[in-house]
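Chains, contacts and geometry: an overview
Residue strings, one per chain:
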Amino acid sequence: MEETPISRGFRPKRQEQTPTDRVPPGQYVTTDFPVLSAGPTPHIKVTDWTFALQLGGSLLGKWSWAQFEALPQTTIKTDIHCVTKWSKLDTTWQGVTFDDLLKEVGLSEAPAPYVMAHCDGAYTTNVPVADLVGGRGMVATRYGGLPIAPAHGGPARLLVPHLYFWKSGKWVRRIRFMQKDERGFWESLGYHNYGDPWKQQRYDGD
Amino acid sequence: MVIPGNSRDMTVTDAPSSSKRLEWQLAEVRDVVIETYRVKSLLLLASGWQGHLPGQHIDVRLTAENGYQAQRSYSIASPPEDDLLSLTVERVDDGEVSPYLVDELRVGDRLELRGPIGGYFVWTAEKSGPLWLIAGGSGITPLMAMLRHRDRLPSRAPALLMYSSRSLEDIIYRDELDAMVGRDANLRVVPALTRQQPKAWTGHRGRIDRATLAAHCFPPAQSPAIYVCGPTTFVESISGLLVELDYDPSSIKTERFGPSGG
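First things first, this report covers the structure right here in the doc. Note that the structure is a prediction, hence the values are computed from the model and not measured.

Let's shift gears to the interface of chain A and chain B. With 53 residues of chain A at the interface, the matching set in chain B holds 66 residues. Between chain A and chain B the total buried area reaches about 5000 Å² when both faces are included, carbon and sulfur atoms providing 52% of it. Viewed at the interface, chain B and chain A are joined by five salt bridges. Close ionic contact of R114 of chain B with D206 of chain A constitutes a salt bridge, the shortest N to O distance being 2.7 Å. The tally of links from chain A across to chain B stands at 22 residue pairs in polar contact (both at pLDDT 80 or more). Sorting the residues of the side of chain A that touches chain B by element identifies β6 (114-119) and β11 (172-178) of chain A as the ones contributing at least two each. Per-class residue counts for the side of chain A that touches chain B are 20 nonpolar, 20 polar and 13 charged.

Okay, unusual backbone geometry next. All names here are of chain A. With an omega of 10°, the peptide bond running from G154 to P155 counts as cis. Considering the arrangement of structural elements, one finds P155 in the loop between β9 (146-147) and β10 (157-159). The phi angle at K85 is positive, at roughly 100°, despite the residue not being glycine. Phi at D90 is positive, roughly 55°, even though this residue is not glycine. Residue placement: D90 occurs in strand β5 (residues 86-97).

Let us now look at the nonpolar core. Proteins that are soluble and globular tend to have nonpolar side chains buried together. The biggest cluster of nonpolar side chains holds 42 residues, and the ones touching the most others in it are F51, F68, L101, V139, I175 and F177 of chain A. Apart from residues lying up to four places away in sequence, I175 of chain A is in contact with F51, A52, L53, Q54, F98, V115, M116, V139 and L158 of chain A. Ranked by size, the runner-up nonpolar core spans 27 residues in total, among them I140, M146, L161 and M180 of chain B.

Attention now moves to the packing of helix α2 (residues 140-151) of chain B against helix α3 (residues 174-183) of chain B. Residue and element names in this part refer to chain B. At a minimum axis separation of 12 Å, α2 and α3 run at an interaxial angle of 35°. At the point where α2 passes α3, the crossing takes the left-handed sense. Of the residues in α3, those in contact with M144, L147, R148 and D151 of α2 are E176, L177, M180 and R183. When grouped by side-chain class, the residues that make up the contact of α2 with α3 number four nonpolar, no polar and four charged.

Let us look at the pattern of salt bridges. For the structure on display, the rule yields 29 salt bridges over all chains. A salt bridge links K103 of chain A to D100 of chain A; the nearest nitrogen and oxygen atoms lie 3.6 Å apart. On the criterion of helical spacing, the pair formed by K103 of chain A and D100 of chain A is a turn pair, its members being three residues apart in helix α2 (residues 98-104). Assessed through its relative accessible area of 62%, K103 of chain A is described here as exposed. The salt bridge involving D103 of chain B is made with R91 of chain B; its shortest N-O contact spans 2.9 Å. One end of the pair, D103 of chain B, is in helix α1 (residues 98-104); the other, R91 of chain B, is in the loop between β5 (85-90) and α1, with 12 residues separating them in the sequence. Members of the salt-bridge network, linked through shared partners, are D206 of chain A together with R21, E23 and R114 of chain B.

Reading the values: the criteria
- Residues numbered from 1 in each chain as written.
- Chains lettered and ligands numbered in written order.
- Predicted model: local features only at pLDDT ≥ 70, side-chain atom pairs only at ≥ 80, totals over all residues.
- Heavy atoms only, no water.
- Contact = heavy atoms within 4.5 Å.
- Buried area = accessible area lost by both parts, 1.4 Å probe.
- Salt bridge = Lys/Arg side-chain N within 4 Å of Asp/Glu carboxyl O.
- Polar contact = N/O pair within 3.5 Å; in protein donor to acceptor, adjacent residues only side chain to side chain.
- Helix = DSSP H or I, 4+ residues; strand = E, 2+ residues; numbered from the N terminus.
- Nonpolar A, V, L, I, M, F, W, Y, C, P; charged D, E, K, R; others polar.
- Core = buried A, V, L, I, M, F, W, Y, C linked by side-chain atoms within 4.5 Å.
- Buried < 20%, exposed > 50% of the residue type's maximum accessible area, 1.4 Å probe, protein only.
- Axes fitted to C-alpha atoms, helices over the stretch in contact; angles between N-to-C directions.
- Left-handed = near helix turned anticlockwise from the far one by under 90°.

Treat this as a map of the structure, not an account of what it does.
Below, the structure is given as C-alpha cells:
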C-alpha cells in the first residue's frame, strides 16, 4: 500500500493511554488480563507436575514442584504484548530464570542455539536461546505475588516478555534444546517465527 | 526414559520458511446489515482478497487524521464462496474501534484490512465426522462462517449449534439460522437465553450447563469436531465441562473474546 488512507470520522480514544515509548506499534493498553488459548485449560495439580530440560533424547535435568520451588527465585516487573493487540504494563512475575536453570544442570552456557518449549495441551513454541539468557527469560510460577491461575498458564509458564506473548508458553513442562530452529504451534500456522512486537512481527513474512 | 507428550506434540519439523507478507489492502464497504441493537455486519469488497477458510479472522486498521492508528482482529462471518467479505461487529461501549465500525462507518467508506489469519480454529468440508459448534454472544461469528460454508455443500455431515445469548433481541443471524434448519435435516440449533426469555420460549433457559451439553451432544464415541467461541468465562466453562464429559481435549478448539476488546 503506497499511502495510508485516513479513516473518515475516526477519533482516537486511547491515544493518551498508549505511550509510544512503552507500547509497540499497533498495540493498545488494557488493564485486565485477556485469555487466549487454542483449547481447553488444563488443570494440573502441582503434585503431578514436573519440569524438564532436554537435549536431543537425553535429560539434562528434571524437577518436581517442590524441587523447582527450592531453586533461586527471581522477580521481574515487565510489560507484556499480545499479538491480538493488547499490551499490559507493569506486570510482576516470579520464577526461575533460564540462566539459573542452566546453572542448576551444571552448564555454563546453553548446549544449542534454539529451544522448543513443550506444554500441556500439546502446545509448543520455539525461541532462540539468545532471547532466554542474560535474564531475558524465565519459567514463571507467580503472577502478582500469587500462583498463576490455570487460564493464564499456571502452575508454570514460560515468560519471554520482549517477544509477543504467545512465545511465553502456558503450562510449560519441558524445554528442549535444538541445534536447528523448528517452528512451534502458532509459528506453523501463519504466525511469525520470531515475534518482535517492536517490529510488528505478527505474521509470517512481517 | 519417557518424554511426556512427544507423540501428540504439534511441532512441525521443517526449517523456518519465510512466506509472503500479508499486505494491508483497502476494502470498500458495500453494505451494512443491522443484526441486533448493538451488532452490525459490514459487507466489504476487497478486490485483492486471496480467499480464506471458515473460522479465520482479519486485522482491521484505522488511521486518524493525526496519524494515530488502531488495529483490531475480527472474525470473518462469510463463507469462502461469497464475493463480499462479511465482518460482524459488536459495539463495545468503551471501545475504540468497534463503536466506529458499528456507528460511524457507512456504505462507500474504505477500510484497511489484512488477512486471512489463523490456521487452527478452522473447519472445512474435508473434515469428516459431526460438527459441534458452541457459541456465546458474538462468538457466533466464526462459527457462522463454518455453517454458511457447510450450507453450500452438496452433502452435509450432521451438525449441532448450541448458541447462548442474553435475550431474544441479542440473537445474531436468527432468521438465517431458522432458514438453514428449515432446509437441512442434518442441522440442529439449540438456542439458550441466559437473562430474559419470552413466555413462549421453547429453547434452553439460563446458561448452557453440563446437563444441556449432555442432553444434545454428539457422544464422544462419534468424535465430533468441537469449536467453542465466546467470552473468556463462557469458553472456560464450556471447554472445562466438555473435558469432564470425556471429550478429547485435542478435539476441542477454542477462541476467546477477551473483555477488553473494542
